[in-house]
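Architecture at a glance
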Amino acid sequence: MSLSRRQVTSAAVAAVPLAFAATGTARASGRHRRTLYIAGDSTAAQKYADAAPETGWGMALPFFLRRDLEVANHAVNGRSSKSFVDEGRLETILSAVRPGDLLLIQFAHNDEKATDPSRYTEPWSTYQQHLRLYVDGARTRGARPVLATPVERRRFDAAGVAVPSHGEYPAAMRALARRERVALLDVQALSLALWQELGAEETKKYFNWTPAEQDNTHFNPPGAIAVARLVARELLRTRVLAPRDVRRLDGEVPEAWITWPEATA
């Protein structure tokens, strides 16, 4: 499938993240505070009280950034790079971004679903083509795009070795980042290394393992905090952010800081 780089839809979005509302308030006052927007899937998304203790890493990221750098988390459960665009969610972000803002893009978990044509993309063609829509859209509006390879699932082989689960998608994103000269946060490689360091049993404490569910994709508070720390460190390493923009990279972030608001209609 061939896509125009400027292809986005204008479909209405049912819900706008809480952080977006806060951003609107700041802009209404006439003072623009730089905002980091997140476009992504359930691994990054805001979770609500009915989903606790499941936690998206985007919920923990603000604890690693300076207070006046806002995070507008538009990540949504179940979305791929394609369905996020088709539902008008990218257009919602692009209508809000201002020069100097950042757009952090993490997709692949749902792009991989080959049996679902509404979400599936092929790594070396339609996946890259859709990602360019985010990159070009941000740049056209004076914002900076940042690509993040997908965080790894909890998957180990019989020998206890952490196994990658995203196929060719991380490599396709890395190649696109090089070609388009976009900053790349290699969250996939770093998270895989972290799960290997922790081991098969210890990683259960980072994923949404409960008496009722053994979830090897989504995080609990410790896992979300750990991944958000990786993201913040990568934002610093790639010079997307300066040292003054980050905090607590080696400090404690208590689990109690994570909260789950009630869902709004």
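Residues numbered from 1 in each chain as written. Predicted model: local features only at pLDDT ≥ 70, side-chain atom pairs only at ≥ 80, totals over all residues. Heavy atoms only, no water.

Here we look at the nonpolar core
Residues Trp 57, Leu 61, Trp 195 and Val 231 are the most contacted members of the largest nonpolar core, which totals 45 residues. Listing elements by their share of this core, those giving two or more residues are β1 (35-40), α2 (57-60), β3 (102-106), β4 (144-148), β5 (183-185), α7 (187-198) and α8 (221-237). If one sorts the elements of this core by residue count, α8 sits on top with 9 residues. Sequence-distant contacts of Val 231, defined by excluding residues within four places in its chain, comprise Trp 57, Leu 61, Leu 104, Leu 185 and Val 187. Of all hydrophobic cores here, the second largest spans 29 residues; its members include Ile 105, Leu 131, Tyr 169 and Ala 172. (Core = buried A, V, L, I, M, F, W, Y, C linked by side-chain atoms within 4.5 Å. Buried < 20%, exposed > 50% of the residue type's maximum accessible area, 1.4 Å probe, protein only. Helix = DSSP H or I, 4+ residues; strand = E, 2+ residues; numbered from the N terminus. Contact = heavy atoms within 4.5 Å.)

Digging into the pairing of β1
Counting buried positions along β1 yields 6 of 6 residues, so the element is predominantly enclosed. Covered by surrounding structure in β1 are Thr 35, Tyr 37 and Ala 39 together with Leu 36, Ile 38 and Gly 40, the residues of both alternating faces. Taken together, the 4 bridges between β1 and strand β2 (residues 70-73) define a ladder with parallel strand orientation. Bridge pairing links Thr 35 to Glu 70 in β2. (Pairing = 2+ DSSP bridges.)

Section: helix α6 (residues 169-180)
For α6, spanning 12 residues, the distance from its first C-alpha to its last is 16 Å, which sits close to the expected 16 Å at 1.5 Å a residue. For α6, every residue scored as buried is listed here: Tyr 169, Pro 170, Ala 172, Met 173, Ala 175, Leu 176, Ala 177 and Glu 180. In the core, the buried residues of α6 are packed alongside β3, α5 (123-140), β4, β5 and α7. A positive backbone phi angle near 55° is found at Arg 181, which sits one or two residues after α6. (Expected span 1.5 Å × (residues − 1).)

Quick word on the packing of aromatic side chains
Under the counting rule described, the total for this entry stands at 9 aromatic pairs. Centre to centre, the rings of Phe 107 and Tyr 134 are 5.4 Å apart; their planes meet at 50°, and the pair counts as tilted. Taken together, the residues span a long stretch of sequence, with Phe 107 in the loop between β3 and α5 and Tyr 134 in helix α5 at a distance of 27 residues. Look at Trp 195 and Phe 219: their rings are 6.3 Å apart centre to centre, the planes differ by 40°, and that puts the pair in the tilted class. One end of the pair, Trp 195, is in helix α7; the other, Phe 219, is in strand β7 (residues 213-219), with 24 residues separating them in the sequence. Aromatic rings pair up to connect Trp 195, Tyr 206, Phe 207 and Phe 219 into one cluster. (Phe/Tyr/Trp six-rings, centres within 6.5 Å; stacked < 30°, edge-to-face > 60°.)

Re the pattern of salt bridges
With the rule as written, the count across this model stands at 16 salt bridges. Close ionic contact of Arg 66 with Asp 68 constitutes a salt bridge, the shortest N to O distance being 2.7 Å. Look at Asp 68 and you get partly exposed, because its relative accessible area is 36%. Ionic pairing is found between Arg 132 and Glu 180, a salt bridge with its closest N-O pair at 3.6 Å. Taken as a pair, Arg 132 in helix α5 and Glu 180 in helix α6 lie far apart in primary sequence, 48 residues in all. (Salt bridge = Lys/Arg side-chain N within 4 Å of Asp/Glu carboxyl O.)

Focus on the packing of α5 against α6
Packing of α5 against α6 leaves a shortest axis separation of 10 Å and a crossing angle of 45°. Judged by the inter-axis angle, α5 sits oblique to α6. In the packing of α5 onto α6, the handedness of the crossing is right-handed. In contact with Pro 123, Trp 124, Tyr 127, Gln 128, Leu 131, Arg 132 and Arg 139 of α5, α6 contributes Tyr 169, Ala 171, Ala 172, Met 173, Ala 175, Leu 176, Arg 179 and Glu 180. (Axes fitted to C-alpha atoms, helices over the stretch in contact; angles between N-to-C directions. Parallel < 35°, antiparallel > 145°, perpendicular 65-115°, else oblique. Left-handed = near helix turned anticlockwise from the far one by under 90°.)

Regarding the sheet that holds β2
Sheet strands pair via backbone hydrogen bonds, and the direction of the pair is either parallel or antiparallel. Taking strand neighbours across the sheet as the criterion, the 5 strands line up as β2-β1-β3-β4-β5 in an open arrangement whose pairing is parallel. Bordering the open sheet on either side are β2 and β5, each of which pairs with just one other strand. Each strand axis lies, on average, 25° off the axis of its neighbour in the sheet, ignoring direction. Pairing geometry for β3 and β4, over 4 bridges, is parallel. Residue pairing for β4: Leu 104 is matched across the bridge by Val 146. Contacting β1, β3 and β4, α5 crosses the sheet at an angle of about 155° to β4.

Section: the packing of α7 against α8
Direction vectors running N to C along α7 and α8 enclose 135°, while the axes themselves pass 10 Å from each other. Taken together, the axes of α7 and α8 are oblique relative to one another. Helix-helix and strand crossings are classified by hand; for α7 and α8 the assignment is right-handed. Facing α7, whose interface residues are Val 187, Leu 190, Ser 191, Leu 194 and Trp 195, α8 presents Ala 226, Val 227, Leu 230, Val 231 and Glu 234. Considered class by class, the residues forming the contact of α7 with α8 number 8 nonpolar, 1 polar and 1 charged. (Nonpolar A, V, L, I, M, F, W, Y, C, P; charged D, E, K, R; others polar.)

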